[in-house]
Amino acid sequence: LKQQAVGGEGERRLWGGHNYDPYTTSGLASEVEYYDKWQQAYRFLGGYIDCDFGGGGGSHDNGGDEDGACARWMMWAAYIDPNYAGGGYDEYFSDDAPGALDCHSPDTDWQLIGVYRQEFYQFIEQISKHVWAIDEYEYIVALAGLEYMTDDDCFGVGYDENGEQLYAGVQPLEGGRFQMGLYSDGKCITPNTRTSYTYDDFAEKTDLNLGSKDQTNDDAFHQQAYQYWYATQEYTLDNLNTVYNDFRFCTSCVDYPTYQDGYFIGDDGTDDDDLINQCWKFYSHDSFNCDADCIAMGSQQGSITWINYNGKQFGALTEGQYTAEHDKNHLGDYGTSSSTSYGNDHKLERLKANLFLTVAGIVFVATFLAFAVARGSSKKKAKSTSRSRSRRLLDSDYQGERRSSRSASRSRKAMESDARSSKSRSKSRSGAVSSSANSRSKSRSRRSAEGEYVPPSERSERRSSSDREASERRSSSD
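Each chain has its residues counted from 1, following the order in which its sequence is written. The model is predicted, so local features are restricted to residues of pLDDT at least 70 and side-chain atom pairs to those at 80 or more, both for listing and for counting; the totals for chains, interfaces and linings are taken over all residues. Based on all heavy atoms of the structure, the side-chain values leave hydrogens and waters out of the count.

Bringing the packing of aromatic side chains into the picture now. By convention, a stacked pair of Phe, Tyr or Trp rings (six-membered ring in the case of Trp) has centres within 6.5 Å and planes under 30 degrees apart, an edge-to-face pair has planes over 60 apart, and any other such pair is tilted. All chains considered together, the criterion is met by 24 aromatic pairs. Aromatic side chains Tyr-116 and Tyr-283 sit 5.5 Å apart centroid to centroid with 85 degrees between the ring planes, which places their arrangement in the edge-to-face category. Here the residue Tyr-116 occupies a position in strand β4 (residues 111-119), and Tyr-283 occupies one in helix α7 (residues 278-284), the gap between them amounting to 167 residues. Judged by its relative accessible area of 5%, Tyr-116 is buried. Here the aromatic rings of Tyr-226 and Tyr-230 are separated by 5.7 Å at their centres, their planes lie at 35 degrees, and the arrangement is tilted. Of this pair, Tyr-226 and Tyr-230 both sit in helix α5 (residues 219-232), four residues apart, roughly one helical turn. Each residue in the set Tyr-42, Phe-44, Trp-76, Tyr-116, Phe-123, Phe-282 and Tyr-283 is aromatic and connected to the rest through ring pairs, giving one cluster. In this text, helices come from DSSP runs of H or I with a minimum length of four residues, and strands from runs of E with a minimum of two, each type numbered from the N-terminal end. A 1.4 Å probe rolled over the protein chains alone gives each residue an accessible area, and that area as a share of the maximum for its type sets the label: buried under 20%, exposed over 50%, partly exposed in between.

To summarise the sheet geometry, strands pair through backbone hydrogen bonds and adopt either a parallel or an antiparallel arrangement. One bridge is not enough; two strands pair if DSSP finds at least two bridges between them. Across the sheet, which stays open at both edges, the five strands sit in the order β8-β1-β3-β4-β13 with antiparallel pairing between neighbours. Looking at the sheet topology across the chains shown, the edges are occupied by β8 (251-252) and β13 (287-289). Here strand β1 (residues 40-50) pairs with strand β3 (residues 71-80) via 10 bridges, running antiparallel. Bridging from a neighbouring strand, Gly-47 pairs with Met-74 of β3.

Here β3 lies mainly inside the structure; 10 of its 10 residues are buried. Residues of β3 alternate between two faces, with Ala-71, Trp-73, Met-75, Ala-77 and Tyr-79 on one and Arg-72, Met-74, Trp-76, Ala-78 and Ile-80 on the opposite face, all of them buried. Bridge count between β3 and β4: eight bridges; the pairing is antiparallel. Counterpart to Tyr-79 in the pairing with β4 is Leu-112.

Patch membership is restricted to residues that have no salt bridge and whose relative accessible area is over 30%. Joining uses 9 Å for like charges and 5 Å for the nonpolar side chains Val, Leu, Ile, Met, Phe, Trp and Tyr. Here the accessible surface of atoms and residues is derived via Shrake-Rupley with a 1.4 Å probe, and residues count as covered only by protein chains that are part of the display. Any Lys or Arg side-chain nitrogen found within 4 Å of a carboxyl oxygen on Asp or Glu counts as a salt bridge. A contiguous nonpolar surface patch, about 430 Å² in accessible area, is contributed by Phe-364, Val-365, Phe-368 and Leu-369. As for its placement among the helices and strands, Val-365 is situated in helix α9 (residues 346-450). You can call Val-365 partly exposed: its relative accessible area is 44%.

Tracing the chain through its elements places Asp-90 in helix α2 (residues 90-93). Along the chain, Asp-90 and Trp-38 lie 52 residues apart, while their C-alpha atoms are 9.7 Å from each other. Not counting chain neighbours up to four residues away, the residues in contact with Asp-90 comprise Ala-97 and Pro-98. Contact between two residues is taken to exist if any of their heavy atoms lie within 4.5 Å; hydrogens are not considered.

If you want it as structure tokens, here you go:
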């Protein structure tokens, strides 16, 4: 935000005035046509400071500026769905809803009706009254935040380290967020960046107060409610920002179910006659038209989200603005901020998908590593087995070679011995053969002399026959 301001028209230009024609509304949906309550939606763009309109909500007991504080406004936009088919609640909230609450997206088909401004405190309070039950975290946080910020635009709180006056007021931030800031001037437009103090050093936490209609008497609930209440009351208003984050995105104008100060209107807050149109509530409680000059001021201060107004672009895109779905925030245990899904639990489904992919990836990596280790071990074992087999084969071959060489040596020795024996035998044989040859040659010479060859077998038979004859003659003589 700008650090200083001047009066009148110069001050307005400093805070972003661009002299657009406030009555040029071509490109906007007609404000006088009838639209079904279910085809209407809204979103807030963010807070901004305007020193020309309203204001006066300052408290200057500690020496503040007598001219009054600069007003804190919440800028919000209203839309209609030209494609609405008459489905009522189910058109946007059933499991297979054909419609989409995406008026925050630059690609939306929703048409802008207009942009409006409402007193900042009043805007936060109006939502808290009609959309939550008294025992819901959001309701507790909303009331705790409202108590802590107060409904003053600017008020004196004390002095800095150098004795200079400090003032406090709602400080609009980038992206539609806000906190309690400390300022150096009574208009609360110049943040004090020199002091180390924060709003927490001067403000006191308040006691739990759930409103005049509070009928809760559960000690356990009250104990938890106190935890949420005290955790919310700090200068960044982080829990309050978290609870109201959803309303920066396209929100149905119909509060379903509808509450009044934490309790159902009617039996369950869903009867058609009991439903409240929140856009009408805003407009009937100190909301005013915010023309192009007004939008440009918020855009120049850097505190509103993107919007296309009559063909002109203002503000800055925020995370999730290009999608029909966005993160829905809620208060977690002990006052901490957390987020869940918007619509039909889309984020939960994404979380499940991401978890599945993560687990699948871990299992895949673990399986791959196990396979790699097993394969490496198998290779080592195979190599070891191969080596031992090779060693055994080599040993067997070596032993076989040794046995073969020994057998060959023994064979050679036996052959040499046989050779020597055969030589000696051949010598003796040669002598016998020669004597045999001499006798055979003598026989042959005898046979040659007789002129007839008689085989040895016949000679034997003849000798046997002669012997038998001789024996017979002896027997007969006897």
